[in-house]
Amino acid sequence: MIEVFKHSELSESIKNKLKSYIEIEFGHIPIVYETEWAIPDWTIIYFENNEIATFYNIVEREIIIDTKLFNISGINNVITPKKFRGMGYASKTLKETTKVIFDNLKCDFGVLLCADELIPFYERLSWYKIECPVYFEQSDGKKLWKSNTMMLSKKKKLNPKRIELNGLPW
């Protein structure tokens, strides 16, 4: 069963469980532990027999794409615990919750920052890689994102020349 939670309303036990999965999955990656990250607004969880089978977070934000403001859902920490991998839960959850992004949250696009090896996974789910500089904030100033950025569009695909995340990355 897929459930959508306001991140701030998650129980401490669920937040701690999600943090432990994030630490296991991404905690050893330099770009992850060297970067300050935004706090999510929403958390999507797929439960299988009352266990977290997969989850991801959403940061709602207005960003600048080229020279225009757009409402976006920034997707982060798409994680399936090892016990549940290979069963299609992440794909199913991402597919079934695109309506949350576009219909419920009224976002223009989904945006995610990802590693090279994850691009084929997201491309199978209609995300597309963009080739432009992406800037984000850190406490010591504006930085250039040095990995991949992907987008999900409800209508037409964009080919932006520059993106400003207007805050911390997700």
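Everything discussed here concerns the structure shown above.
The following refers to the structure shown. (Residues numbered from 1 in each chain as written. Predicted model: local features only at pLDDT ≥ 70, side-chain atom pairs only at ≥ 80, totals over all residues. Heavy atoms only, no water.)

1. So, helix α3 (residues 89-96)
Residues that lie three or four places apart on an α-helix share one face, since the helix turns once every 3.6 residues.
Piece 1. Those residues of α3 that fall on the buried side of the exposure criterion are Y89, A90, T93 and L94. One side of α3 holds all its buried residues, which, seen down the axis, span an arc of 125°.
Piece 2. In this structure, the buried side of α3 is in contact with β1 (2-6), β2 (42-48), β3 (51-65), β4 (68-79), α4 (98-104) and α5 (119-123). (Buried < 20%, exposed > 50% of the residue type's maximum accessible area, 1.4 Å probe, protein only. Helix = DSSP H or I, 4+ residues; strand = E, 2+ residues; numbered from the N terminus. Arc of directions from axis to C-beta. Contact = heavy atoms within 4.5 Å.)

2. Some thoughts on the pairing of strand β8 (residues 141-144)
Piece 1. Alignment of strand β7 (residues 134-138) against β8, held across four bridges, turns out to be antiparallel. Note on β8: the bridge partner recorded for Q138 is G141.
Piece 2. Connecting the antiparallel pair β7 and β8 is a turn made up of two residues. (Pairing = 2+ DSSP bridges.)

3. A few points about the side chain of T80
Piece 1. Here T80 shows up in the loop between β4 and α3.
Piece 2. Engagement of the side chain of T80 in a polar contact is seen with the side chain of T54, the distance being 2.7 Å.
Piece 3. Not counting residues within four places of it along the chain, the set of residues in contact with T80 comprises A53, T54, R85 and A90. (Polar contact = N/O pair within 3.5 Å; in protein donor to acceptor, adjacent residues only side chain to side chain.)

4. Concerning the packing of aromatic side chains
Piece 1. With the rule as written, the count across this model stands at nine aromatic pairs.
Piece 2. Judged by centre distance (6.0 Å) and plane angle (75°), the rings of W37 and W145 are edge-to-face. On the criterion of sequence distance, the pair formed by W37 in the loop between α2 (30-33) and β2 and W145 in the loop between β8 and β9 (148-153) is long-range, its members being 108 residues apart.
Piece 3. Between Y122 and W127, the ring centres sit 6.2 Å apart and the planes meet at 70°, which makes this aromatic pair edge-to-face. We note that Y122, like W127, is buried.
Piece 4. Every member of this aromatic cluster is reached through a ring pair, and the members are W37, F136 and W145. (Phe/Tyr/Trp six-rings, centres within 6.5 Å; stacked < 30°, edge-to-face > 60°.)

5. Structural notes on the layout of surface pockets
Piece 1. Empty space within the largest pocket amounts to approximately 1100 Å³.
Piece 2. Residue lining of the largest pocket: 43 residues in total, with F26, N76, N77, V78 and I79 positioned closest to the centre.
Piece 3. Secondary-structure elements contributing two or more residues to the lining of the largest pocket are α1 (12-26), α2, β4, α3, β5 (109-114) and α5.
Piece 4. Per-element accounting of the lining of the largest pocket gives the leading share, seven residues, to α1. (1 Å grid on protein atoms, 1.4 Å probe; cavity = no way out; pocket = protein on both sides within 12 Å on 5 of 7 lines; lining within 4 Å. Points joined across faces, edges and corners; volume = space filled by probe spheres on them.)

6. Observations concerning the environment of W127
Piece 1. Take W127: it is sitting in the loop between α5 and β6 (128-130).
Piece 2. On the accessibility criterion, W127 (5% relative accessible area) is buried.
Piece 3. Here the alpha-carbon distance between W127 and M150, two residues 23 residues apart in the chain, equals 6.2 Å.

7. Thoughts on the pattern of salt bridges
Piece 1. Throughout the structure, instances matching the rule amount to eight salt bridges.
Piece 2. The partner of K142 in a salt bridge is E164, with the nearest N and O atoms 3.0 Å apart. Linking K142 in strand β8 with E164 in strand β10 (residues 163-164), this pair joins segments that are 22 residues apart in sequence.
Piece 3. Residue classification places K142 among the partly exposed residues on the basis of a relative accessible area of 44%.
Piece 4. Salt bridges here are not isolated pairs; linked through shared partners, they connect K142, R162 and E164. (Salt bridge = Lys/Arg side-chain N within 4 Å of Asp/Glu carboxyl O.)

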